[in-house]
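Coordinates in review
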Amino acid sequence: MKEIQFFNREEQELIDSIEKDQWKSTGDIENWKTLLAQTATNTLTKDQRMNIRITKNDLDGIKLKAMEEGIPYQTLVASIIHKYVTGKLSERIPETV
């Protein structure tokens, strides 16, 4: 039987802790799953429409990036907006020449 190769130390520590039965129940798992499912539904539900005007070059660029990612361009725009409002969109620091 081939030995499992782990990608890094953190993964090995997780496997070791599971094998040593160091994990404990979080309590009422069914209520927890219901809460997480509702949170996911609320997060993914798109219930508002927004219309904006942008330049043709910007729209073409967004469509190109979306094609590279393999997702619809509206999904890419929604993702960018979500990352911005949650503080997860970071500005790229230009390289000095």
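The structure reproduced in this document is the subject of the present report. (Residues numbered from 1 in each chain as written. Predicted model: local features only at pLDDT ≥ 70, side-chain atom pairs only at ≥ 80, totals over all residues. Heavy atoms only, no water.)

Moving on, we come to the packing of aromatic side chains. Two descriptors summarise a pair of aromatic rings, namely the distance from one centre to the other and the angle between the planes of the rings. The final tally for this structure, using the stated rule, is zero aromatic pairs. Lying across the ring of Tyr73, Lys63 places its NZ or CZ 5.0 Å from the centre. (Phe/Tyr/Trp six-rings, centres within 6.5 Å; stacked < 30°, edge-to-face > 60°. Lys NZ or Arg CZ within 6 Å of the ring centre and 35° of its normal.)

Looking at the secondary structure, you find Arg92 in the segment after α4 (73–85). Separated by 54 residues in sequence, Arg92 and Gln38 have C-alpha atoms that sit 34 Å apart. (Helix = DSSP H or I, 4+ residues; strand = E, 2+ residues; numbered from the N terminus.)

Before going further, it helps to examine α4. With 13 residues, α4 should reach 18 Å at 1.5 Å per residue; the first-to-last C-alpha distance of 19 Å fits that figure. Phi turns positive one or two residues past the end of α4, at Gly87, with a value near 75°. (Expected span 1.5 Å × (residues − 1).)

This brings us to helix α3 (residues 56–69). Over its 14 residues, α3 runs 20 Å from end to end, which matches the ideal 20 Å to within 8%, given 1.5 Å per residue. Gly70 occupies a position one or two residues after α3 and carries a positive phi of about 75°.

This part takes up the environment of Ile71. Within the secondary structure, Ile71 is located in the loop between α3 and α4. The spatial distance from the C-alpha of Ile71 to the C-alpha of Thr26 is 36 Å, given a sequence separation of 45 residues. Look past the residues within four positions of Ile71 in its chain and what remains in contact with it is Ala66 and Leu76. (Contact = heavy atoms within 4.5 Å.)

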